[in-house]
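Chain by chain, the residues run as shown.
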Amino acid sequence: MFWEKRVNIFPSYPPPIFTRETFTEQLGHHVYAVLGDLVTDIYGMGLHRHKNPDSDVPFFLSEVRKRLVAATYRTDKNIATFLGRPPRLPYHYCDASLPLDIDDDELFLQGDELDRVLQKLTHDGWGSEGTSKGKIRPVTAIRMRYFSSIFREKVLRLSLGRKGANFSHDLQ
């Protein structure tokens, strides 16, 4: 951890101890606020909404935007979990499609080359040939983490949300 590598310039005083509470108090608000700015920009640009693939946006830009939204969605759930605060980018308001499971260098292909790559994908955007050169693609990890974050958001809703009359039923 970053606080374990410290230099004590005042040897007669004990080194500061950073706990989760100290971190949350000192950096939690700033991190949560910066995430809020990012989410506001995503909403403002409409990136949280599904876009028709026939739009004027170039393919690579459309895919990079999808990756940004999916990665931000996951980060939002991680920060909400760590800080015990509500998520800022709820699934309920996002219908952006997931990025396609293609290599980073294939984002810039055009025409027939791009069509050949897209034909190798399954109907839901997963790469049908498995890994890329024996490694998991970065976008594959983004997609998998997005799906696990949907579940995490449900857990956050139960732990941080209202405990109404249906709470016992919602737990099941």
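Residues numbered from 1 in each chain as written. Predicted model: local features only at pLDDT ≥ 70, side-chain atom pairs only at ≥ 80, totals over all residues. Heavy atoms only, no water.

This part takes up the overall build of the chain. Looking only at helices and strands, one finds five helices and zero strands in the chain. The linear arrangement of helices and strands in the chain, starting from the amino end, is α-α-α-α-α. For the chain, with 172 residues in total, the buried portion stands at 28%. Sequence-distant contacts, at least 24 apart, represent 69% of the contacts inside the chain between residues at least 6 apart. Roughly 12,000 Å² of accessible area belongs to the chain as shown, and the carbon and sulfur atoms make up 58% of that amount. (Helix = DSSP H or I, 4+ residues; strand = E, 2+ residues; numbered from the N terminus. Buried < 20%, exposed > 50% of the residue type's maximum accessible area, 1.4 Å probe, protein only. Contact = heavy atoms within 4.5 Å. Areas by Shrake-Rupley, 256 points an atom, 1.4 Å probe, with all protein chains shown as cover.)

We now examine the layout of surface pockets. Estimated volume of the largest pocket: approximately 340 Å³. If you go around the largest pocket, you meet 17 residues; those closest to its centre are Lys51, Pro53, Ser62, Lys66 and Ser97. Grouping the constituent residues of the lining of the largest pocket by class yields seven nonpolar, five polar and five charged. Lining the second largest pocket, in full, are Tyr73, Pro87, Pro90, Tyr91, Ile150, Glu153, Lys154, Leu156, Arg157, Leu160 and Gly161. In terms of residue count, the dominant contributor to the lining of the second largest pocket is helix α4 (residues 138-160) (six residues). (1 Å grid on protein atoms, 1.4 Å probe; cavity = no way out; pocket = protein on both sides within 12 Å on 5 of 7 lines; lining within 4 Å. Points joined across faces, edges and corners; volume = space filled by probe spheres on them. Nonpolar A, V, L, I, M, F, W, Y, C, P; charged D, E, K, R; others polar.)

Here we take up empty space enclosed by the protein. In total, this model carries one cavity of 30 Å³ or more according to the counting rule given. Lining the largest cavity are Lys66, Val69, Ala70, Cys94, Asp95, Ala96, Ser97, Leu98, Pro99 and Tyr146. Looking at the lining of the largest cavity, the element that brings in the most residues is helix α2 (residues 59-83), giving three residues. Residue composition of the lining of the largest cavity, by class: seven nonpolar, one polar and two charged.

The next thing to look at is the pattern of salt bridges. Opposite charge on two side chains allows them to pair when their charged atoms are near. Scanning the model with the defined rule gives seven salt bridges in all. Between Lys77 and Asp76 there is a salt bridge; the shortest N-O distance is 2.6 Å. Accessibility expressed as a relative area gives 1% for Asp76, which makes it buried. When salt bridges that share partners are traced, they join Asp76, Lys77 and Glu153 into one network. (Salt bridge = Lys/Arg side-chain N within 4 Å of Asp/Glu carboxyl O.)

To continue, consider the packing of aromatic side chains. One pass over the structure, following the stated rule, counts five aromatic pairs. Ring centres of Tyr73 and Tyr146 lie 4.8 Å apart, and the angle between their planes is 45°; on these two criteria the pair is classed as tilted. Highlighted residues: Tyr73 in helix α2 and Tyr146 in helix α4, separated in sequence by 73 residues. Where Tyr146 meets Phe147, the ring centres are 6.0 Å apart and the plane angle is 75°; that geometry is what we call edge-to-face. The exposure class assigned to Phe147 is partly exposed, which follows from its relative accessible area of 41%. What links up through ring pairs into an aromatic cluster is the set Tyr73, Tyr91, Trp126, Tyr146 and Phe147. When the ring centre of Tyr32 is taken as reference, the NZ or CZ atom of Arg88 above it lies at 3.9 Å. (Phe/Tyr/Trp six-rings, centres within 6.5 Å; stacked < 30°, edge-to-face > 60°. Lys NZ or Arg CZ within 6 Å of the ring centre and 35° of its normal.)

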